[in-house]
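Spelled out from the first residue to the last, the chains are:
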Amino acid sequence: MMEFSATVVWQRHDQAFIGGRYSRAHHWHFDGGAIVPASSSPLSVPLPYSDAEAVDPEEAFVAALSSCHMLFFLGFAAKRHWIVESYTDSAVGFMEKNVRGKMAMTRVLLRPAIVFAGEVPAQTDIDDLHRESHEECYIANSVSCEVAIEPQLQ
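Reference entry: report on the structure contained in this document. Residue numbers here run from 1 along each chain, matching the order of that chain's written sequence. Given that this is a predicted model, residues contribute local features only at a pLDDT of at least 70 and side-chain atom pairs are listed and counted only at 80 or more, while totals for whole chains, interfaces and linings are drawn from all residues. Remark: hydrogens and water are excluded; side-chain values derive from all non-hydrogen atoms of the structure.

1. Some remarks on the layout of surface pockets
- Cavity means a closed set of points on a 1 Å grid over the protein atoms alone, one where a 1.4 Å probe fits but cannot get out, pocket means an open set with protein on both sides within 12 Å along at least 5 of 7 lines, and lining means a residue has an atom within 4 Å of a point. Grid points are joined across faces, edges and corners, and a volume is the space filled by probe spheres set on the points. What the largest pocket holds in volume is close to 380 Å³.
- Every residue lining the largest pocket is counted, 13 residues in all, and those nearest its centre are Trp28, Phe30, Ala60, Ala63 and Ala64.
- By the criteria applied, helices consist of DSSP H or I runs no shorter than four residues and strands consist of E runs no shorter than two, each listed in order from the N terminus. Looking at the lining of the largest pocket, the elements with two or more residues in it are β2 (26–30) and α1 (57–79).
- Among the residues making up the lining of the largest pocket, the classes are represented as 12 nonpolar, 1 polar and no charged.
- Computed from the structure, the second largest pocket encloses a volume of approximately 190 Å³.
- Along the walls of the second largest pocket sit Ser41, Leu43, Ser44, Asp56, Glu58, Glu59, Val62, Gly93, Met95 and Met105, which together make up its complete lining.
- At the level of elements, α1 and β5 (92–97) are the ones that each hand at least two residues to the lining of the second largest pocket.
- Among the elements that line the lining of the second largest pocket, the one with the most residues is α1, at 3 residues. Asp, Glu, Lys and Arg are counted as charged, while Ala, Val, Leu, Ile, Met, Phe, Trp, Tyr, Cys and Pro are counted as nonpolar; the rest, among them Gly, fall into the polar class.

Given below as structure tokens:
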């Protein structure tokens, strides 16, 4: 078993709390020392009570899925001696009501654009790398929403 932790810190700072007139801005602290400004999305809580420049949980969810998939993809490509020059994923998450009528991230679309150096694998090999990466991704194995992969052409 492995454990992963994050510390989430929010403070009121003399703001009115009752009535919802308080900032949702907070910070995520990670074990390596990184501190990430976070907030609710302005799509959920209007400005000025959200921080549009901060990372919101929905964006972090999409980024975690994308990052996990990419890390497995890079590892599997390296094992096959295919050199990945760059990997850019313009991932998108879709929030809507789920089957229970609750708002949920119901689908995430990963759209990786990959550039190889040297030998470029056949498309079927790239598809296999994506399939294997999705099957092994810890985050994808932890969520119930659909995760689709739509490779982008370079």
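On we go from here.
2. A word on the environment of serine 133
- You can see serine 133 is positioned in helix α2 (residues 123–136).
- Think of it in three bands: residues with accessible area under 20% of the maximum for their type are buried, residues over 50% are exposed, and the middle band is partly exposed, with areas taken using a 1.4 Å probe on protein chains only. In this structure serine 133 comes out as buried when scored by relative accessible area, which is 0%.
- In this structure, the C-alpha to C-alpha distance between serine 133 and cysteine 68, residues 65 residues apart in sequence, is 8.4 Å.
- Those residues in contact with serine 133 that lie beyond four places of it in its chain are His69, Phe72, Phe73 and Phe76. Contacts: residue pairs with any heavy atoms within 4.5 Å of one another.

3. Remarks on α1
- Working rule for helices: expected span equals 1.5 Å times residues minus one. The terminal C-alpha atoms of α1 lie 33 Å apart, and with 23 residues this matches the ideal 33 Å at 1.5 Å per residue to within 8%.
- By the burial criterion, the buried members of α1 are Val62, Leu65, Ser66, Cys68, His69, Phe72, Phe73, Phe76 and Ala77.
- Those residues of α1 hidden inside the fold are in contact with β4 (83–89), β5, β6 (103–110), β7 (112–117), α2 and β8 (146–149).
- Within 3.5 Å is the distance limit for a polar contact, defined as a pair of N or O atoms, with the added protein rule that one can donate a hydrogen and the other accept it, and that residues adjacent in sequence qualify only through two side-chain atoms. The residue sitting at the N-terminus of α1 and contributing the capping side-chain oxygen is aspartate 56; that oxygen lies 3.1 Å from the backbone nitrogen of glutamate 58.
- One or two positions beyond α1, positive phi appears at histidine 81, with a value near 65°.

4. Digging into the pairing of β6
- The element β6 is extensively covered by neighbouring structure, given that 6 of its 8 residues are classed as buried.
- What makes two strands pair is DSSP finding at least two bridges between them. Bridging between β5 and β6 involves 6 bridges; their strand directions are antiparallel. The partner of methionine 95 across the bridge, within β6, is methionine 105.
- The loop that links β5 with its antiparallel partner β6 comprises 5 residues; one of these, glycine 101, has a positive phi angle of about 80°.
- The pairing of β6 with β8 spans 4 bridges and is classified as parallel. By the bridge assignment, valine 108 is partnered in β8 with valine 147.

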